[in-house]
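These are the residues of each chain, in order.
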Amino acid sequence: MSNYDFDLFVIGAGSGGVRASRMASQFGAKVAVAEDTYLGGTCVNVGCVPKKLFVYGSHFPEEVEGAAGYGWKAEAPKFDWPTLRDNKNTEISRLNGIYGNILSNAGVELIQGRATIVDANTVDVGGKHYSAERILIATGGWPKIPQIPGAEHIISSNEAFYMEEFPKRVLVLGGGYIAVEFAGIFNGLGADTELVYRGPLFLRGFDKEVREFTANEVAQKGVKLSFDLNIEAVEKLPSGELNVTMTDGSERVVDCVMAATGRAPKIAGLGLENTKVSVNDNGTVAVNEDYQTDEPSIYAIGDVIGRMELTPVALAEGMALAKTLYNNQPTKVDYDNIATAVFCQPNIGTVGLSEEEGVARGIKLRVYTSDFKHMKHTLSGLSERTFMKLLVDDANDRVVGCHMVGQDAGEIIQGIAIAMKAGATKADFDGTIGIHPTAAEEFVTMREATRTV
Ligand code: NDP
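Let us look at the structure shown here.

How each quantity is defined
- Each residue is numbered by its place in its chain's sequence as written, counting from 1.
- Side-chain atom pairs in this predicted model are given and counted only at pLDDT of 80 or more, local residue features only at pLDDT of at least 70, and totals for whole chains, interfaces and linings cover all residues.
- Just so you know, side-chain values use all the structure's heavy atoms and leave hydrogens and water out.
- Residue types Ala, Val, Leu, Ile, Met, Phe, Trp, Tyr and Cys, when buried and joined through side-chain atoms within 4.5 Å, form a set referred to as a nonpolar core.
- A 1.4 Å probe rolled over the protein chains alone gives each residue an accessible area, and that area as a share of the maximum for its type sets the label: buried under 20%, exposed over 50%, partly exposed in between.
- Between the rings of Phe, Tyr and Trp (Trp by its six-membered ring), a pair exists once the centres lie within 6.5 Å; its type follows the angle of the planes, with under 30 degrees stacked, over 60 edge-to-face, and the other angles tilted.
- Put simply, DSSP marks the helices as runs of H or I at least four residues long and the strands as runs of E at least two long, and each gets a number from the N terminus on.
- For a Lys NZ or an Arg CZ to count as sitting over a ring, it must be within 6 Å of the ring centre and within 35 degrees of the ring normal.
- Two strands are counted as paired when DSSP detects at least two bridges linking them.
- Angles here are taken between N-to-C directions and fall from 0 to 180 degrees, while the axes themselves are lines fitted to C-alpha atoms, restricted in helices to the stretch in contact.
- We call a residue near a molecule or strand when any one of its heavy atoms sits within 4 Å of it.
- Whenever a nitrogen or oxygen atom comes within 3.5 Å of another N or O atom, the pair is scored as a polar contact, on the condition that within protein one atom can donate a hydrogen and the other can accept it, and that pairs from neighbouring residues in sequence are kept only if both atoms are in side chains.
- The Shrake-Rupley method, run with a 1.4 Å probe sphere, supplies the accessible areas, and residue values consider only the shown protein chains as cover.
- All residues other than Ala, Val, Leu, Ile, Met, Phe, Trp, Tyr, Cys, Pro, Asp, Glu, Lys and Arg, Gly among them, are scored as polar; the first ten of these are nonpolar and the last four charged.
- Basic side-chain nitrogens of Lys or Arg form a salt bridge, by our definition, when they fall within 4 Å of a carboxyl oxygen of Asp or Glu.

1. A short note on the nonpolar core
The nonpolar side chains of a soluble globular protein tend to be buried with one another.
Moving on, step 1. Counting residues in hydrophobic clusters, the biggest one holds 51 residues, and the most contacted among them are Phe9, Ile11, Ile117, Val125, Leu136 and Ile137.
Moving on, step 2. Counting 41 residues, the second largest nonpolar core, distinct from the first, contains Val46, Ala160, Ala183 and Val218.

Next comes the structure, spelled out in structure tokens:
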């Protein structure tokens, strides 16, 4: 045991911080974690979990519509926002409690309050100083809102989870995960929804064919997509409505403007100036491959280092750090082939390279694609289509990219990600007997390449 109050002092009880502190404590370290807001961080409180609940919630009208073709006659359902919001809040409170129990059962001391780093081995919380052999920054990120005139009338996803009233007309700004997911939520829950993105096609970085297919499907579901457009100003009218001036000079009157224009690492007031910790140009904390900052006793993981802003990545980083530092088990996170899903409607699931990335790397690719109507919609009468795509390295037959847009894409791609991690070839896919009738079986029955690039 060191002469410090703690072996490890973690700042931030989000996904990464909780995992690192729990594991370190279980390996025998004396650990504290400081948190000034909610336990569980973005994911549990204003991210993945409530978002997914809202996605489920927004899907029911379509289910009811599609049920008619199966013989169910139902009235158009009426939506009550306070019920969804408050039930979600109850579930989140339950999860907050579970996180508290996880920490206390693991023997981690939870210190409530805002932490400031005083020096390389000291943290201040509410005027009390704690010494620690090592400090871990796991403070995550916070939404950024463009500072245009009237920015104070714009909400972020943080506020969207707690709105007093459900808006009738919504403008969602941005073209990343959050914008596309929330446009689907607002639309599905019955709002007149427009997604405004400054570039020519949303979801920059994803496979282009996936982006085009998704844009088509999202528009079919009723979201108005306005690309190559931005907002210039927001003005609150005496009626309480918002008048939005666009970069093309047009105007919109809506009830809510939600910006999903990226997230910034949460480092303000952390006291980094009292240390040798350096910050990258994009505001992320600079770390080496062992998550160590330029101040050797201070480490950082999760969204605050911005490697991949995903909960499972923060968990893996927290676990790797705890094993390396406190279990004599040097561990590195493998950032290749991390599967991810965008819970827009229909979902996107993706793992590995996009076609564009493959081409840029000089890989000769065999491209297999399939675009079909899900069996469920033969009777539901809904127009939704499903898209699947496999990218195969022609030199060695390895599957290097797999993409899907359609119902349960996230669930299906998780399994494919295991196969790709294990180095599966197209011949392995072809030699796998499908589960019939499923949509997923299409991945093992794509015989003819659509093209070679
Ligand atoms: P992203 O960084 O993914 O997207 C930000 C979007 O906002 C981009 O389309 C960007 O445009 C646009 N933008 C940025 N600045 C401006 C501006 N000033 N005016 C207009 N548009 C602007 O951020 P998100 O907020 O969507 O999500 C943050 C991260 O959280 C994601 O990257 C993801 O890692 C994670 N996340 C993961 C989820 C999941 O796994 N399902 C769900 C939600 C979030 P451009 O493309 O031109 O840069």
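Past the structure itself, the notes keep going.
2. Focus on the packing of aromatic side chains
Moving on, step 1. Scanning the entire structure with this criterion turns up 14 aromatic pairs.
Moving on, step 2. Taking 6.1 Å as the distance between ring centres and 75° as the angle between the ring planes, the aromatic pair formed by Phe6 and Phe9 counts as edge-to-face. As far as burial versus exposure is concerned, Phe6 and Phe9 are alike and both buried.
Moving on, step 3. Residues Tyr197 and Phe227 carry aromatic rings whose centres are separated by 6.2 Å and whose planes lie at 85° to one another, so their mutual orientation is edge-to-face. Here Tyr197 is found in the loop between β10 (192-196) and α7 (208-220), whereas its partner Phe227 is found in the loop between β11 (224-226) and β12 (231-236), with 30 residues between them in sequence.
Moving on, step 4. Residue Tyr197 is classed as buried on the basis of its relative accessible area, which comes to 10%.
Moving on, step 5. An aromatic cluster of three or more residues is present, and its members are Phe54, Phe79, Trp81, Phe161, Phe166, Phe182 and Phe186.
Moving on, step 6. Above the plane of the ring of Tyr162 lies Lys88, whose end atom (NZ or CZ) is 3.9 Å from the centre.
Moving on, step 7. The aromatic ring of Tyr368 is capped on one face by Lys426, whose charged end is 4.2 Å from the ring centroid.

3. What about the sheet that holds strand β14 (residues 251-254)?
Moving on, step 1. Ordered in space as β12-β13-β14, the 3 strands form an open sheet in which the pairing is antiparallel. The sheet terminates laterally at β12 and β14, the two strands that pair on one side only. The mean inter-strand angle of the sheet, taken between neighbouring strand axes irrespective of direction, is 20°.
Moving on, step 2. With 5 bridges joining them, β12 and strand β13 (residues 242-246) adopt antiparallel strand pairing. The residue of β13 that forms the bridge with Val234 is Val244.

4. Some thoughts on the site of the ligand
Moving on, step 1. Around the ligand sit 20 residues, and of these Gly175, Tyr197, Arg204, Glu309 and Ala341 come closest.
Moving on, step 2. Contact between the ligand and Tyr197: an oxygen atom at 2.7 Å from a side-chain N or O atom of the residue.
Moving on, step 3. A distance of 3.2 Å separates an oxygen atom of the ligand from a polar backbone atom of Gly262.
Moving on, step 4. Considered on its own, the ligand offers 910 Å² of accessible surface; in the complex 76% of this is hidden by protein.
Moving on, step 5. Classifying every residue of the shell around the ligand gives 8 nonpolar, 6 polar and 6 charged.

5. Structural notes on the pattern of salt bridges
Moving on, step 1. Under the defined criterion, the tally for this structure stands at 27 salt bridges.
Moving on, step 2. One salt bridge connects Lys221 with Glu62, and the closest N-O pair in it is separated by 2.9 Å. Pair noted here: Lys221 is in the loop between α7 and β11 and Glu62 is in helix α3 (residues 48-67), with a separation of 159 residues, a long-range link.
Moving on, step 3. According to the relative accessible area criterion, Lys221 is partly exposed, its value standing at 22%.
Moving on, step 4. A relative accessible area of 17% means that Glu62 is categorised as buried.
Moving on, step 5. A salt bridge links Glu91 to Arg94, with the nearest nitrogen and oxygen atoms 2.9 Å apart. Linking Glu91 with Arg94, this pair stays in helix α4 (residues 81-105), spanning 3 residues, or about one helical turn.
Moving on, step 6. Looking at Glu91, the relative accessible area reads 25%, which means it is partly exposed.
Moving on, step 7. Members of the salt-bridge network, linked through shared partners, are Asp207, Glu209, Glu355, Lys389 and Arg451.

On their own, these measurements won't tell you what the molecule is for.
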